[in-house]
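Chains, contacts and geometry: an overview
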Amino acid sequence: MQKEIQKFLTEHLGKVDFNLEPIKKSGSDRQFFRVTLPHQDSFIFMHYGDEVEENAHWAGINRFMASLDIYVPKIIAQDIARHFLLIEDLGNVDLWSERSVPWEERRDYYFQVLTQIYRLHSFDLKSLPADLQLSESYGPRLYKWGA
């Protein structure tokens, strides 16, 4: 698998010299790696499995959310057959990593997130693209996949 990943990254980054570092946060049968080039540009490589149906729809959902001006990482390259995605690196900061920062300093992050959620939840479902594949709704059956 490592050789396939190396080949994919070399094809799409045009570089052979890069560092591939695992990112500890993962889930839903997805693994993430930070790809750092010698001049410090970085990308995120994602390899996803078949255990969770949502993984096959991730790229389409990403494009749809971007069309709503929701901040999602830009997709650089995709290999559907090998379940590879190369995406923009948006950095290490998330709400959890900022949890101990004083409220006055992190308050704006929460408002940014709420603005993004509002954009998603105010979308008229009747305008949903016909070719967009969504995951099943949250419910007991969905939560049993990992049990």
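What comes next is a walk through the structure. The structure presented is a predicted model; accordingly, all values stated were derived computationally and were not measured.

The rules behind the values
As a convention, each chain's residues are numbered from 1 in the sequence order in which they are written. Confidence filtering applies because this is a predicted model: local features only for residues at pLDDT of at least 70, side-chain atom pairs given and counted only at 80 or more, and all residues used for totals across whole chains, interfaces and linings. Hydrogens and water molecules were not included; the side-chain quantities draw on all heavy atoms of the structure. Only rings of Phe, Tyr and Trp enter the pairing, Trp through its six-membered ring, and a pair is recorded when the two centres are within 6.5 Å. The plane angle decides the type: under 30 degrees is stacked, over 60 is edge-to-face, the rest tilted. Strands are runs of DSSP state E lasting at least two residues, helices are runs of H or I lasting at least four, and both sets are numbered from the N terminus onward. Exposure is judged per residue with a 1.4 Å probe applied to protein chains only, and the accessible area is read against the type maximum: over 50% gives exposed, under 20% gives buried, and values in between give partly exposed. Geometrically, a charge over a ring is one whose NZ (Lys) or CZ (Arg) sits within 6 Å of the ring centre while staying within 35 degrees of the ring normal. By definition, a salt bridge exists where a carboxyl oxygen of Asp or Glu is found within 4 Å of a side-chain nitrogen of Lys or Arg. A pair of strands counts as paired when DSSP detects no fewer than two bridges linking them.

1. Topic: the packing of aromatic side chains
- Counted by the stated rule, this structure contains 6 aromatic pairs.
- Aromatic pair F64 and F123: ring centres 5.0 Å apart, planes at 80°, arrangement edge-to-face. Taken together, the residues span a long stretch of sequence, with F64 in helix α2 (residues 54–67) and F123 in the loop between α3 (103–121) and α4 (140–143) at a distance of 59 residues.
- By relative accessible area, which is 21% here, F123 ends up partly exposed.
- Between W103 and Y110, the ring centres sit 5.4 Å apart and the planes meet at 45°, which makes this aromatic pair tilted.
- Under the relative-accessibility criterion, W103 is labelled partly exposed at 39%.
- A residue is classified by how much of its surface remains accessible, and Y110, at 28% relative accessible area, is partly exposed.
- Residue placement shows R99 over the ring face of W96; its charged tip is 4.0 Å from the ring centre.

2. A word on the environment of H57
- Residue position: H57 is located in helix α2.
- A relative accessible area of 8% means that H57 is categorised as buried.
- Taking the C-alpha atoms as reference, H57 lies 15 Å from G27; in sequence the two are 30 residues apart.

3. Focus on the pattern of salt bridges
- Within this structure, the stated rule accounts for 4 salt bridges.
- The salt bridge involving K7 is made with E11; its shortest N-O contact spans 4.0 Å. Separated by 4 residues within a single helix, K7 and E11 lie in helix α1 (residues 2–13), roughly one turn from each other.
- Put simply, D79 and R82 hold a salt bridge, and the shortest N to O gap is 2.7 Å.
- Here R82 falls in the partly exposed class, since its relative accessible area comes to 22%.

4. Details of the pairing of strand β2 (residues 30–36)
- Among the 7 residues in β2, 6 count as buried, and that is most of the element.
- Sheet analysis places β2 next to strand β3 (residues 42–48), joined by 7 bridges and oriented antiparallel. If you follow Q31 over to β3, its bridge partner there is H47.
- In sequence, β2 turns back onto β3 through a hairpin of 5 residues, with Q40 there showing a positive phi of about 80°.

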